[in-house]
2 protein chains.
Amino acid sequence: MTSYTPPIQDLQFVLQDMLGVSACGITGFDDMDADTTAAILTEAGRLAAEVLAPLNQVGDAQGCRLENGIVYTPEGFKAAYDQLCEGGWTGLDMDPEYGGQGMPYVIHTAVGEMHCAANMALNMYSGLTHGAASAIYAHGTEDQKRTWLPNMISGAWGGTMNLTEPHCGTDLGLMRTKAEPQEDGSYSITGQKIFISAGEHDLTDNIVHLVLAKAPGGGAGTKGVSLFIVPKVLVNEDGSLGARNGVSVGSIEHKMGIHGNATCVMNYDGAKGWLLGELHRGMPAMFTMMNEARLGVGLQGYAQAALAHEQAAAYARDRLQGRAVTGAENPDGPADPLIVHPDIRRMLMDQKSFVEGARALTLWGALQLDRAHREGDAEAEALVSLLTPVIKGFLTDKGFEMAVAAQQVYGGHGYIEEWGMSQIVRDARIAMIYEGANGIQALDLVGRKLALNGGKQVMAFFELVGSACEDLRADERLAPLAEPLEGALKRLQAATGYFAERGMKAPNDALSGATDYMHLFGHVALGLMWAQMARASSAALDAGTGARDFHDAKIATARYYMARQLPATSMHLARIHAGGETIMALPAEAF
Amino acid sequence: MTSYTPPIQDLQFVLQDMLGVSACGITGFDDMDADTTAAILTEAGRLAAEVLAPLNQVGDAQGCRLENGIVYTPEGFKAAYDQLCEGGWTGLDMDPEYGGQGMPYVIHTAVGEMHCAANMALNMYSGLTHGAASAIYAHGTEDQKRTWLPNMISGAWGGTMNLTEPHCGTDLGLMRTKAEPQEDGSYSITGQKIFISAGEHDLTDNIVHLVLAKAPGGGAGTKGVSLFIVPKVLVNEDGSLGARNGVSVGSIEHKMGIHGNATCVMNYDGAKGWLLGELHRGMPAMFTMMNEARLGVGLQGYAQAALAHEQAAAYARDRLQGRAVTGAENPDGPADPLIVHPDIRRMLMDQKSFVEGARALTLWGALQLDRAHREGDAEAEALVSLLTPVIKGFLTDKGFEMAVAAQQVYGGHGYIEEWGMSQIVRDARIAMIYEGANGIQALDLVGRKLALNGGKQVMAFFELVGSACEDLRADERLAPLAEPLEGALKRLQAATGYFAERGMKAPNDALSGATDYMHLFGHVALGLMWAQMARASSAALDAGTGARDFHDAKIATARYYMARQLPATSMHLARIHAGGETIMALPAEAF
């Protein structure tokens, strides 16, 4: 019973009004004028609304099925997947040299939001392929690129990432999967991998697995790990498909959500694989993909919140229950719509202000990646590296929270599967876990990213926020927004100082506050986005361009975020300052 | 794969050390010495661990099944239910006059936590019967009590509450179910009710439905509503079962969780019913049950968090992943257990400090109900009335949040159904919705409960917290706990002043802050509980009684709650002070 309306107007606003993609001067952005991006988004949105969204609940209800080593995806998934391929959406931002469309990554990201919101489980199949293809593009030999990329970019073949094993998830140093060198230069891969999204399915003729494994001579821990290309079906010299490789699906998992995506146990039994990148340098090779992959998961978090918010707002406008405290607003009806009630609006405004802020932050991050990749802009690369754990961790924690809030608007109907809100909550839950659980994101932020460029990168971010505050003050319409954002920034700076001071001498104090710091950082980052969006809307109002209602609502929503979300920063700072004493006090058996 | 260990030591601590039930002097509490309550809890806990818990995942996986008008509960439910009945647990606190055991309600509540934690869906069948029986006990004629209560108290018959209709949940004034008076003094009931928990099942020979319906002459809105007893099977003069009544199950809902409990659409088609209580006074009759019913749902919230926390703590002690930042703690193993990591401990301490605080608050609330019912103590009744929306709303919001946090400790395994954490999250979710969605609890608190006794009741609560702070200061071991609790109390007082000022002149300002106020109140209430528990533990340490480790851990956990949970009160106050302007700013179509 869920529906999906592509947020074209808001995506256009972020791309054109706020980020100014058509005039940003990045190589390959010349054609990205408003008409062009609108045409791309509209077509992608049509596919999302008409093809992907109608299969969302089907996928949840049917799930995937394993029979005799073959995984069957839900009814309709194959036909919809084929439309994704035919439209060129699987290779939108890929290199034309290998069949891609060469579009900016930020456009791929905007399209990705819609496809993920409409059907997260289905969209993951091409999402995993995209990640694997990016790794081959970054680390493969020219021969490997020619062999694998064209069919992955066209969507004819799928791709996966194989990291986790039963006894090791976060701690990949415990890995047992082995790679034995063969005389022909290939490797023989043996071991078991779990939680492999899209590990086996009936959507493509071949699946290109990227597998982390230990080759001889690499030493202990993650240092000994290398990355291998292990196809499901071997490819002949002429490019045609040959024999099945020694890789098979052991079972598929019964999960809380994303039922339409097959999460597989994969068994490698002397499978033929080829080294991708350098020997014993598999971890760094995976990590070069990490910013993109984690940004993609952050996107899932807010995209599911966006879907949930659309449903909840429609329900609140439609469902009649109770009367407005200030007098009936629907006097001829038996009751007023839910949306007259302040507590319902509070939930909807939380969702709206989060979703629009998160959309801006994710697209802003994607644009930094475009700057990094297309312009070799090291500053942009460092900025997005700093923000990546925030985008992944904060947006998925909050995305789930907002999906739960949207479900709450439905009252009892929110708990009934037919209404679709339960699925959104169940689907959104995974984004907090995979691609590095959110606690790991927080540790990455505190333990690694604060030290980027000797700590200068975080200072550069503070300057960005500080100058946004000055810009707000200079605009009469927006001046009241400056103070709450400045206050939040000061708290972030204070917390950063605490970590700088404690990091080495009392590491448990620092690590105890890591998650609170990630949330504090996330609120300031969304505050920055709201400042930038409010400025874009204020400018549009001054110029008399665009829809006045839209820009008025944008500025009102910015006010909401500053007034009612930024106060969380005080809580997070107080918790950080509490340190680790009470966290480390109990012996393990007392929990 | 979940297990359940009854928290006998902690329940005994709350009942005996903190609440002092054996010496509290309430009528009928004379026998409640430590040995007796330990014996009761141990036996109830054995049933929970050995009989109910093993069926928890079975119930989730199988769900209920409707065939030809009969609802089949999951395998094993009937046998387990019969053991609940045979042990006398269904009537533990009921009047011996009608077959009950006459135990204190607070003991029934402590037992209820264990039975709910072990198997929430199964425990709901007797929980609904308990609620219906309480309503008949409070409002029935002597004849009605003799007819219905003995079989309900023994568990031979079930009971339900029928309020919701498809078009009305919260707003019962929209009700359409009709009651036509008959010549024999009975009523003919016609209409449809939805979301009826335990509405039909195979556990009992009869089900006694309590149904809200409109009888002629009552006028519009909820004023015209009356309450009726409508049995599934009519009862003959001699007490034997007669013909089927005109009530049937239309369908059962497919829900996010509590799959083992049948949530039914009930069709009343000229069913025979008898007025319970006064004509057109059905709403007040339902509301006299509300404190108990809502306390029972608050209990579900923290009981599921308790179950989740037990699993997460065990997993964190067992699962090896990574190394402690301060040096290996399991140097002979391949990695350290998860529990060495501060961010894992943060999640576990959040859960532990919440669960133990919530357990204390719920049992404290139950004891006030005992005082009210057994001693006619109006002060206790008003105190628990004030706290009821907090117990229901705060404990279920936080209980769900803590279940999600416990799931997060498992990483990817938390998302896989076999591990059981997904079920706990899905089951816990309903408690935020039913028995009055949590937004309604917040409105009840702000709109009704603050005005109790002309506002004096909330002042009395503040005094209670204030004197607890003084007691903390007077104990050297606990003095540092006083300041954070005093700060939280001041914020609660400031917020209360805001509502008093705005309530009438700007009601949207007040209603916009209702949920934040409920959470602010909840944190102060748990802070009060932690103050009382810390004092009990400090006294035990001084006296050298009890287990030193247990009491040391209790005080350390109190410190944690004060340091890391009470800072949320600043955030809630700031949000409350932000008022309603940004919440009411947007037109409905702009959401």
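Cut-offs applied
Sequence order as written defines residue numbering, which begins from 1 separately in each chain. Written order determines the labels here, with chains lettered from A and ligands numbered from 1. Given that this is a predicted model, residues contribute local features only at a pLDDT of at least 70 and side-chain atom pairs are listed and counted only at 80 or more, while totals for whole chains, interfaces and linings are drawn from all residues. Excluding hydrogens and water, the side-chain values take into account all heavy atoms of the structure. Side-chain rings of Phe, Tyr and Trp, where Trp is taken by its six-membered ring, are said to pair if the distance between their centres is within 6.5 Å; with planes under 30 degrees apart they count as stacked, over 60 as edge-to-face, and otherwise as tilted. Put simply, DSSP H or I for four residues or longer makes a helix, DSSP E for two residues or longer makes a strand, and each gets a number counted from the N terminus. Only protein chains enter the calculation, and the probe is 1.4 Å; a residue is then buried if its accessible area is under 20% of its type maximum, exposed if over 50%, and partly exposed in between. By this definition, two strands are paired if DSSP reports at least two bridges between them. C-alpha atoms of residues with pLDDT of at least 70 in both copies form the basis for the least-squares superposition of the copies. By definition, residues are in contact when any of their heavy atoms lie within 4.5 Å. UniProt positions are given in the numbering used here, feature names are shortened, and annotations may be inferred rather than shown by experiment. Here's the idea: put two parts together, see how much 1.4 Å probe accessible area each one loses, and the total over both is what we call buried area. Here a salt bridge means any side-chain nitrogen of Lys or Arg lying within 4 Å of a carboxyl oxygen belonging to Asp or Glu. Helix span, expected: 1.5 Å multiplied by one less than the number of residues in the helix.

Turning our eyes to something else, we now look at the packing of aromatic side chains. All names here are of chain A. Applying the stated rule across the entire model yields 25 aromatic pairs over all chains. Their ring planes at 80° and their centres at 6.0 Å tell us that Tyr 98 and Tyr 137 sit as a pair that is edge-to-face. Of this pair, Tyr 98 sits in the loop between α4 (77-86) and α5 (105-118) while Tyr 137 sits in helix α6 (residues 120-139), placing them 39 residues apart in sequence. The exposure class assigned to Tyr 137 is partly exposed, which follows from its relative accessible area of 37%. Among the aromatic residues, those joined into a cluster by ring pairs are Phe 461, Tyr 498, Phe 499, Tyr 517 and Phe 521.

With that settled, consider the pairing of strand β5 (residues 187-197) of chain A. Residue and element names in this part refer to chain A. With eight of eleven residues buried, β5 lies mostly within the body of the structure. As consecutive antiparallel partners, strand β4 (residues 178-181) and β5 are separated by five residues, and within that stretch Gly 185 has a phi angle of approximately 95°, a positive value. In terms of strand pairing, β5 meets strand β11 (residues 263-275) through nine bridges, oriented antiparallel. If you follow Gln 192 over to β11, its bridge partner there is Asn 267.

Here we take up the relation of the copies chain B and chain A. Rotating chain B by 180° and translating it 0.0 Å along the rotation axis places it on chain A, where the RMSD comes to 0.0 Å. Put plainly, the chains are arranged around a two-fold axis. By C-alpha distance to the rotation axis, the residue of chain B lying nearest is B:Met571, at 3.0 Å. Most of the interface of chain B is mirrored in chain A: 100% of its interface residues are interface residues there too.

Before going further, it helps to spend a moment on the UniProt feature "domain: Acyl-CoA dehydrogenase/oxidase C-terminal" (unreviewed entry) in chain A. Under the present numbering, the feature "domain: Acyl-CoA dehydrogenase/oxidase C-terminal" (unreviewed entry) in UniProt falls on residues 281-445 of chain A. The distance from the first to the last C-alpha atom of residues 281-445 of chain A is 23 Å, and the span holds 72% helix and 0% strand.

By a widespread convention, an interface's size corresponds to the accessible area lost as its parts come together. Tallying the contact residues gives 90 residues for chain B and 90 residues for chain A. A per-residue breakdown of the area chain B buries against chain A is headed by B:Tyr415, B:Arg564 and B:Phe591, which together make up 13% of the total. At the boundary of chain B with chain A, the tally comes to four salt bridges. Between A:Arg564 and B:Asp516 there is a salt bridge, with its nearest N and O atoms 3.3 Å apart.

Take helix α15 (residues 482-505) of chain A next. All names here are of chain A. The terminal C-alpha atoms of α15, which comprises 24 residues, lie 35 Å apart, in line with the 34 Å expected from a rise of 1.5 Å per residue. For α15, the set of buried residues is Ala 482, Leu 485, Gly 487, Ala 488, Leu 489, Leu 492, Ala 495, Thr 496, Tyr 498 and Phe 499. Looking at the packing, one finds that the buried side of α15 touches α13 (438-447), α14 (456-473), α16 (507-512), α17 (514-543), α18 (548-565) and α19 (568-577).

What follows is about the environment of A:Gly127. With respect to the secondary-structure elements, A:Gly127 resides in helix α6. Sequence separation of A:Gly127 and A:Gly112 is 15 residues, and the distance between their C-alpha atoms is 8.7 Å.

All names here are of chain A. One pass over the full model with this rule turns up 62 salt bridges over all chains. One salt bridge in this structure joins Lys 505 and Glu 501, with 2.9 Å as the shortest N-O distance. Of this pair, Lys 505 and Glu 501 both sit in helix α15, four residues apart, which is roughly one turn of that helix. By relative accessible area, which is 60% here, Lys 505 ends up exposed. One salt bridge connects Arg 502 with Asp 509, and the closest N-O pair in it is separated by 2.6 Å. Classification of Arg 502 by relative accessible area gives partly exposed; the value is 25%. The exposure class assigned to Asp 509 is buried, which follows from its relative accessible area of 15%.

What follows is about the side chain of A:Thr388. Residue and element names in this part refer to chain A. Its location among the elements puts Thr 388 in helix α11 (residues 378-409). Classification of Thr 388 as buried rests on a relative accessible area of 2%. Excluding its chain neighbours within four sequence positions, the residues that come into contact with Thr 388 are Met 290, Asn 291 and Arg 294.

Attention now moves to the UniProt feature "domain: Acetyl-CoA dehydrogenase-like C-terminal" (unreviewed entry) in chain A. According to UniProt, the feature "domain: Acetyl-CoA dehydrogenase-like C-terminal" (unreviewed entry) maps to residues 461-587 of chain A in the numbering used here. Here residues 461-587 of chain A is 83% helix and 0% strand, with 39 Å between the C-alpha atoms at its ends.

Let us now look at unusual backbone geometry. All names here are of chain B. The phi dihedral of Glu 435 falls on the positive side, at around 60°, and the residue is not glycine. For Glu 435, the location among the structural elements is in the loop between α12 (421-429) and α13 (438-447). You can call Glu 435 partly exposed: its relative accessible area is 32%. A positive phi angle is found at Asn 453, which is not glycine, with a value near 50°. Of note, Asn 453 is situated in the loop between α13 and α14 (456-473). Overall, Asn 453 belongs to the partly exposed group, its relative accessible area being 45%.

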